[in-house]
Amino acid sequence: MTPVLVLSPTPPDSEIRRSFQDRFGPEISFVDLPGLRRTSLRESWRNLRRHPVGCAVVTGTAGELRLFCDYLVVLAFCVPADRREVWPPGQEGTPLGGGNLVRSLVRIVAGLLAGSFTLARAWFRVRSLQSKHLPHQALGASRRCLYLKPTLTFGASVGGSVAHVSGVVNAFLRMGVQLRLVAAHEQALVNPAAEQVVVPPDFLISFPYELNQHRYQSAFLSQAETHLLEIRPDFIYQRYSLNDATGVILRQRHRLPLVLEFNGSEVWAQRHWGRPLRFEALAGAFERLNLKHADLVVVVSQALVEQAVSLGAAPERILFYPNCIDPAVFDPTRFEESNRQQVREALGIPLEADLLTFVGTFGQWHGTDVLAGAIRKLIDEDRAWLERRRVHFLLVGDGVLAPKVRAILGLALGAPFVTLAGLRPQADTPGILAASEILLSPHVPNPDGTPFFGSPTKLFEYMAMGKLILASDLDQIGWVLKGWRPGTPPPADGAASGAAALLVKPGSLEELGEGIRRAVEMPIPEREALGATARRLALASFTWDKNVAAVLARTREATDAPPIPPTP
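First, a word on what this report is: a plain description of the structure on this page.

## Section: the overall build of the protein
Secondary structure assignment for the protein yields 21 helices and 18 strands. Expected size for 568 residues packed as a compact globule is a radius of gyration near 24 Å; at 24 Å, the protein falls within 12% of this value. For the protein, the spread of C-alpha atoms along the three principal axes comes to 70 × 65 × 40 Å. For the protein, contacts bridging at least 24 residues in sequence account for 74% of all contacts bridging at least 6. A total accessible area of about 23,500 Å² is found for the protein, and carbon and sulfur atoms account for 54% of it. Separation between the mean location of the 60 positive side-chain charges and that of the 55 negative ones in the protein comes to 6 Å.

## A closer look at the pairing of strand β3 (residues 53–59)
Counted residue by residue, β3 has seven buried out of seven residues, so it is predominantly covered. For β3 and strand β4 (residues 81–87), the ladder comprises six bridges, and the chain directions are parallel. Considered in β4, the bridge of Val57 is made with Glu85. Note that the unit made of β3, helix α4 (residues 62–78) and β4 has a crossover that is right-handed.

## Some remarks on the packing of aromatic side chains
Applying the stated criterion across every chain, the model contains 17 aromatic pairs. Here Phe172 and Tyr237 contribute two aromatic rings whose centre-to-centre distance is 5.6 Å and whose plane-to-plane angle is 80°, an arrangement assigned as edge-to-face. With Phe172 in helix α6 (residues 160–174) and Tyr237 in strand β9 (residues 235–239), this pair connects stretches of sequence that are 65 residues apart. Neither residue differs from the other here; Phe172 and Tyr237 are each classed as buried. Ring geometry for Trp268 and Trp273: centres 4.9 Å apart, planes at 90°, overall edge-to-face. In terms of burial, Trp268 and Trp273 fall into one category: buried. Following the ring pairs from residue to residue traces out a cluster consisting of Phe320, Phe460, Trp479, Trp484 and Phe542. The ring of Phe30 carries Arg17 above its face, with NZ or CZ at 4.6 Å from the centroid. Here the basic side chain of Arg517 rests over the ring of Trp385, its NZ or CZ set 4.9 Å away from the ring centre.

## Some remarks on the layout of surface pockets
Roughly 330 Å³ of internal volume is contained in the second largest pocket. Lining the second largest pocket are 15 residues, and of these Arg340, Ala434, Ser436, Glu437 and Lys467 sit closest to its centre. Looking at the lining of the second largest pocket, the elements that each hand over two or more residues are α12 (337–347) and α20 (524–541). Residue contributions to the lining of the second largest pocket peak at three residues, all from α20. Of the residues in the lining of the second largest pocket, the class split is six nonpolar, two polar and seven charged.

## Section: the nonpolar core
Within the largest apolar cluster, 170 residues are counted, with the highest numbers of intra-cluster contacts made by Phe172, Phe393, Met463, Leu481 and Ile516. Broken down by element, this core gets its largest block of residues, eight residues, from α4. Sequence-distant contacts of Phe393, that is, excluding residues within four places in its chain, are made with Leu355, Leu356, Ile375, Leu378, Leu386, Phe417, Val418, Thr419, Leu440 and Ile516. In terms of nonpolar packing, the next biggest core, distinct from the first, is built from eight residues, Val6, Phe20, Ile28 and Trp87 among them.

## Brief notes about the sheet that holds strand β10 (residues 258–261)
One open sheet accounts for seven strands, arranged β8-β7-β6-β9-β10-β11-β12; its pairing is parallel. Whereas interior strands pair on both sides, the edge strands pair on one side only; in this sheet they are β8 (195–198) and β12 (318–320). Averaged over all neighbouring strand pairs, the angle between strand axes comes to 20°, with direction disregarded. Both strand β7 (residues 178–183) and β8 contribute to a ladder of four bridges, which runs parallel. Looking across to β8, one finds that Val182 is bridged to Val197. Its contacts with the sheet place helix α11 (residues 302–310) against β11 (296–299) and β12, and it is angled at close to 165° to β12.

## What about unusual backbone geometry?
Peptide bonds are, in most cases, trans, and in most cases residues other than glycine have a negative phi. The omega torsion of the bond from Ala415 to Pro416 falls at 0°, within 30 degrees of zero and hence cis. Relative to the assigned elements, Pro416 resides in the loop between α15 (402–409) and β15 (418–422). For Asn243, which is not a glycine, the phi torsion comes out positive at approximately 60°. Within the secondary structure layout, Asn243 lies in the loop between β9 and α8 (246–254). Located in the positive-phi region is Arg255, a residue other than glycine, with phi close to 55°. Along the chain, Arg255 falls in the loop between α8 and β10.

## Section: the environment of Tyr147
Along the polypeptide, Tyr147 turns up in strand β6 (residues 144–149). Between the C-alpha atom of Tyr147 and that of His133, which follows or precedes it by 14 residues, the distance is 23 Å. Those residues in contact with Tyr147 that lie beyond four places of it in its chain are Val165, Val168, Val169, Leu179, Arg180, Leu181, Val182, Tyr237, Arg239 and Glu261.

## Thoughts on the pattern of salt bridges
A complete count under the given rule lists 27 salt bridges for this structure. Note that Asp295 and Arg251 form a salt bridge whose closest N and O atoms lie 2.8 Å from each other. Within this pair, whereas Asp295 is found in the loop between α10 (280–293) and β11, its partner Arg251 is found in helix α8, the two being separated by 44 residues in sequence. Taking relative accessible area as the criterion, Asp295 reaches 2% and is therefore assigned buried.

## With respect to the sheet that holds strand β18 (residues 502–504)
The parallel open sheet is built from six strands, whose spatial order is β15-β14-β13-β16-β17-β18. Each of the sheet's edge strands pairs with one partner strand only, and the pair in question is β15 and β18. Put simply, the sheet's adjacent strands are angled 20° from each other on average, direction ignored. One ladder, built from three bridges, connects strand β17 (residues 468–472) with β18; its direction is parallel. Paired with Ala471 across the strands is Leu503, a residue of β18. With respect to the sheet, helix α13 (residues 368–381) is in contact with β13 (354–359), β14 (391–396), β15 and β16 (438–441), its orientation differing from that of β14 by roughly 160°. Strands in contact with helix α17 (residues 457–464) are β13, β16 and β17; relative to β13, the strand with the most contacts, it is inclined by about 150°.

## Observations concerning the side chain of His214
The topology assignment puts His214 in helix α7 (residues 211–231). When its relative accessible area of 4% is taken as the criterion, His214 is described as buried. Other than its neighbours up to four places away in sequence, His214 contacts Thr118, Leu119, Ala122, Asn243, Leu282 and Phe286.

Cut-off values and rules
Residue indices follow the written sequence of each chain, beginning from 1 at its first position. A pLDDT threshold of at least 70 governs which residues receive local features in this predicted model, and a stricter bar of 80 or more applies before side-chain atom pairs are shown or counted, although totals over entire chains, interfaces and linings include all residues. Water and hydrogen atoms were dropped before computing side-chain values, which therefore reflect all heavy atoms in the structure. Every helix listed is a DSSP run of H or I at least four residues long, and every strand listed is a run of E at least two residues long, numbered separately from the N terminus. For the radius of gyration, the atoms used are the C-alpha atoms, and the globule rule reads 2.2 Å times the number of residues raised to 0.38. In what follows, residue pairs with any heavy atoms lying within 4.5 Å of each other are defined as contacts. Note on areas: Shrake-Rupley, 1.4 Å probe, and residue coverage restricted to the protein chains presented here. When charges are counted, neither His nor the chain ends are considered; positive counts come from Lys and Arg and negative counts from Asp and Glu. Think of each charge as sitting on NZ of Lys, CZ of Arg, CG of Asp or CD of Glu. Think of it in three bands: residues with accessible area under 20% of the maximum for their type are buried, residues over 50% are exposed, and the middle band is partly exposed, with areas taken using a 1.4 Å probe on protein chains only. Strands qualify as paired when DSSP identifies two bridges or more between them. When the strands point away from the viewer and the connection leading from the first strand across the helix to the second strand turns clockwise, the crossover is called right-handed. Pairing of aromatic side chains requires ring centres within 6.5 Å, counting the rings of Phe and Tyr and the six-membered ring of Trp. Pairs whose planes differ by under 30 degrees are stacked, by over 60 edge-to-face, and all others tilted. Comment: the charge-over-ring label is applied if NZ (Lys) or CZ (Arg) is within 6 Å of the ring centre and within 35 degrees of the ring normal. Detection works on a 1 Å grid of protein atoms alone, calling trapped sets that fit a 1.4 Å probe cavities and calling open sets with protein on both sides within 12 Å along at least five of seven lines pockets, with lining residues defined by an atom within 4 Å of a point. Grid points are joined across faces, edges and corners, and a volume is the space filled by probe spheres set on the points. Here the term charged refers only to Asp, Glu, Lys and Arg, the term nonpolar to Ala, Val, Leu, Ile, Met, Phe, Trp, Tyr, Cys and Pro, and the term polar to all other amino acids, Gly among them. We call a set of buried Ala, Val, Leu, Ile, Met, Phe, Trp, Tyr and Cys residues a nonpolar core when their side-chain atoms join them within 4.5 Å. Between the N-to-C directions of two axes lies an angle of 0 to 180 degrees, each axis being a line fitted to C-alpha atoms and, for a helix, fitted only over the stretch in contact. Should a side-chain nitrogen of Lys or Arg be within 4 Å of a carboxyl oxygen of Asp or Glu, the pair is scored as a salt bridge.

Laid out in structure tokens, this is it:
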């Protein structure tokens, strides 16, 4: 019998895991709601019932427990356990009894009823907005901006979205745009000169989970409108979010231009990378509504131009500019040998190792399962080569594919050649990259055969650090590493290697393994030459200042003017 099972709303970080292990011993299991949501309700229930424990513990941050505690309490009673307790942060455990279960069930039912009402209201709202038409506006002046990020997320803020938000916001500020940022939680790495307003959800989280975005929109819209009236912005900039129409509603009410940042169809992403939405038709209606009414749609890839047009955006109102970097943050000259050693010591990586690093959120598109397979194959078939070349792999992050990666690597998790570092603060990324020799981008094609529409932020961060990159030759990833610049035609297909990296066939375990061998055996001067080329390309075309300059250039044009290519 496992002594303790810890139930939490989001995956606990390494510090929380350590604290529970110190308290209860090493034989402890952790279960989180995102992990349970990856399987069916019946399968999740069976998994919880399968393993009796001495104690089922409910925990999380204060904010998470306020929103999720009732569901965790019910789950705790699904587990065959001798006792059940709730552990708020920094406090001792409190026993859970039958009365706690009854109260939680009552609140859950009430939340489901409220969610059903909100769902009906959302259908009415989207149909009402579809019937209205406000002519598209010239954006004109751009001195003040209301930035909206209504994405409802929980847990650690990591991944490309963190870098994207802070990059765009900080670039606006550098260009003299006053900005107020309204979001569901505080945005990391944002310049303090930007006023941040946090609008937390004030209701019990319901399931199906997508009901919560509809409930949250009302609270977010109210706060966003209050701040709009206070600062009187010249335009609204919104990062598109599933089931949200805040920017469209404010545009209609206050006759303000709307710039919509569209990073891909959430409906498509849930269908192919997550679980299909229960109310997919409604989510699709919101998506089309946003793209139809935005005065400027900003996308990060050519594939997204085509996707946005297919969903209702007018081609002349779309600006394509890839993701970017802040060159002051991703600057290899910031880091000395002592910094490199500190990072390696903190992660338990040998100082003399030839370190190959992946950083990301372990999403379906990242190809970390293919990377794990290539690593496993090298360990099984050529361990002596790994030892002789002192090769070590560092995988930073967590997410959907993390359990599969661990399973492929085996019980020893690839020891002693692999370190799984888990989630790390976004601010740690430059130092981790600086401590590495080779950077890995094993992205895979879309599962339905459509063009890969991503513009991985990590790719440009890799480039800016001047390191050797081993990457998939996949649409924009391959373009960029072959020397493409925004506003120019893409390079010819079929090249086996690029001007700034080693490129391999996407999704091929064998080619990735061979690419790892080539990268490790490449002479140091050749590595440095490719890394220097990558950094030069990043600084020439892929900085957030250039990205935002292209946006501001378009905001100062009439909307009936022909589209212009992004500034090189």
